[in-house]
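# Commentary on secondary and tertiary structure
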Amino acid sequence: MDHDMTKPAPKIGIISLGCPKALVDSERILTKLGAEGYEISDTYDDADVVLVNTCGFIDSARLESLEAIREAMAQNGRVIVTGCLGRDEGAIREVAPGVLSVTGPHQYEQVVEAVHDALPPAHDPFVDLVGPEGLKLTPRHYSYLKISEGCNHACKFCIIPDIRGPLTSRPVGEVLREAERLVEAGVKELLVISQDTSAYGLDLDYAESPWRGRPVKTRMFELAEALGDLGAWVRLHYVYPYPHVDAVIELMAAGKILPYLDIPFQHASPGVLKAMRRPAHQEKTLERIEKWRKICPEIAIRSTFIVGFPGETEQDFETLLDFLEDAQLDRIGCFQYENVRGAQANALPDHVNEEDKLIRWERFMELSQDISQRKLLERVGQTMDILIDEVSEESGAVGRTYADSPEIDGHVYLDNAPELKPGDLVKAVITRSGEYDLWAEIAGDKTP
Ligand code: SF4
């Protein structure tokens, strides 16, 4: 059975900007293209076509996307644009009139068609094979698992419901089969993402879907429980503090999924939360956190906040700082409010001036750093499981504990790490702590 080895495979360069959700879109597109024999190129020179997956969420992300398109045009000249900014074809054509095609988010078929037009597939069934895990942009040992698209809320600073539409959940059986394939292919950690993970399945009336010969409800609890059976770390992102979240914390306490909860509070002042039109803004958040810690004492809670939202007073801001001090969250991110093109918050009165925003952000960061440092110091002396992400000559082995999500949280640096490789899970004793990171020494044999 011979096939033409002289014909080089068509090569695609990819630039993936924006959030983890956009990364999942890129992976899907590449998986399809990989199955058709395309190869991924790391350089502009080597790529036959460059695909830019853009983000259009905030103004700085728009600028970054436009800059990436401009650069890809200058360096390569054959560019296909997709992703959130694709909704604004005019802005793209203004900076790069010669782009080959522009599509919006999740238009996988159209993107693949555009690639076919620009660069026909090789049609070689022997290079068309893609491993069962698909083609992934994240390292092989962890993978994002997108469970739904869109959102039913209407937070005033956000345009996601406008650009991505209302909540559309994937049936749970489909999600679980994807997760199973990933784990079979060697993935050690599954990161569940969506716009609102607690709302998963609401649009489907939590319909049952078949999984391993039994019906499973398309709902956060059932999803988390079934994912917990797959033998990988399972980490939940973008959860809101609705009452039904408590049952999921029980799964964490039982060791089924990681005791890690990413829950974007955004603020703590009731007035600001109301002005933001945040979901669950009436929940008594501190009481909820206390309850979760009772159910699962080792839970690591991550959250993000916005300072300088229009109308935020000094008193609102102090309420936020008090909340931080009381809540003692493990991981905290903070953004200064920025107008998003098309968002309702732009029209609100009393915008906070840039200088005050910056001062508040600095005060916030100082306190959150202090909290992080204190919490990490408590880890010194503990033995923890570390999932290895990277091994290099210069920095040795770098990994994460259950309390760290990749890209956004801290690292653990291993001082003695012989022969480790990414994806290894090892036990290590924490020897030192910093503001956001930890240092550790291997406690015993590595467990594969
Ligand atoms: S919950 Fe709010 S911030 Fe999150 S996607 Fe929906 S509208 Fe946007």
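The model shown is predicted, which means the values in this text are computed figures rather than measured ones.

### Re the sheet that holds strand S5 (residues 101-102)
Strand order in the open sheet formed by five strands is S2-S1-S3-S4-S5, with parallel pairing between adjacent strands. A single partner strand is all that each edge strand has here, and the edge strands are strand S2 (39-41) and S5. For strand S4 (residues 79-83) and S5, the ladder comprises two bridges, and the chain directions are parallel. Bridged to Val81 within S5 is Val102. Lying over the sheet, helix H2 (residues 59-75) contacts strand S1 (11-16), strand S3 (49-54) and S4, oriented at roughly 175 degrees with respect to S3. Of the strands in this sheet, S1, S3, S4 and S5 touch helix H4 (residues 108-118), which is tilted by about 180 degrees from S4.

### A short note on empty space enclosed by the protein
Considering all chains together, one arrives at one cavity of 30 Å³ or more under this definition. Estimated volume of the largest cavity: approximately 40 Å³. Listed by contribution, the elements that provide at least two residues to the lining of the largest cavity are helix H1 (20-35), S4 and H4. Across the lining of the largest cavity, the residue classes tally to four nonpolar, six polar and one charged.

### Let's talk about the packing of helix H10 (residues 285-295) against helix H11 (residues 314-327)
It is at 11 Å that the axes of H10 and H11 come closest, and there the two elements cross at 10 degrees. One element, H10, and the other, H11, form an angle in the roughly parallel class. The chirality of how H10 crosses H11 is right-handed. The segment H10 lies against H11, with Thr285, Leu286, Ile289 and Arg293 engaging Phe323, Asp326 and Ala327.

### Details of the pairing of strand S9 (residues 189-193)
Of all five residues that make up S9, five are buried, and the element is covered over most of its length. Side-chain alternation along S9 places Glu189, Leu191 and Ile193 on one buried face and Leu190 and Val192 on a second face that is also buried. Bridge count between strand S6 (residues 142-146) and S9: five bridges; the pairing is parallel. Bridging from a neighbouring strand, Tyr142 pairs with Glu189 of S9.

What counts and what doesn't
Residues numbered from 1 in each chain as written. Predicted model: local features only at pLDDT ≥ 70, side-chain atom pairs only at ≥ 80, totals over all residues. Heavy atoms only, no water. Pairing = 2+ DSSP bridges. Helix = DSSP H or I, 4+ residues; strand = E, 2+ residues; numbered from the N terminus. Contact = heavy atoms within 4.5 Å. Axes fitted to C-alpha atoms, helices over the stretch in contact; angles between N-to-C directions. 1 Å grid on protein atoms, 1.4 Å probe; cavity = no way out; pocket = protein on both sides within 12 Å on 5 of 7 lines; lining within 4 Å. Points joined across faces, edges and corners; volume = space filled by probe spheres on them. Nonpolar A, V, L, I, M, F, W, Y, C, P; charged D, E, K, R; others polar. Parallel < 35°, antiparallel > 145°, perpendicular 65-115°, else oblique. Left-handed = near helix turned anticlockwise from the far one by under 90°. Buried < 20%, exposed > 50% of the residue type's maximum accessible area, 1.4 Å probe, protein only.

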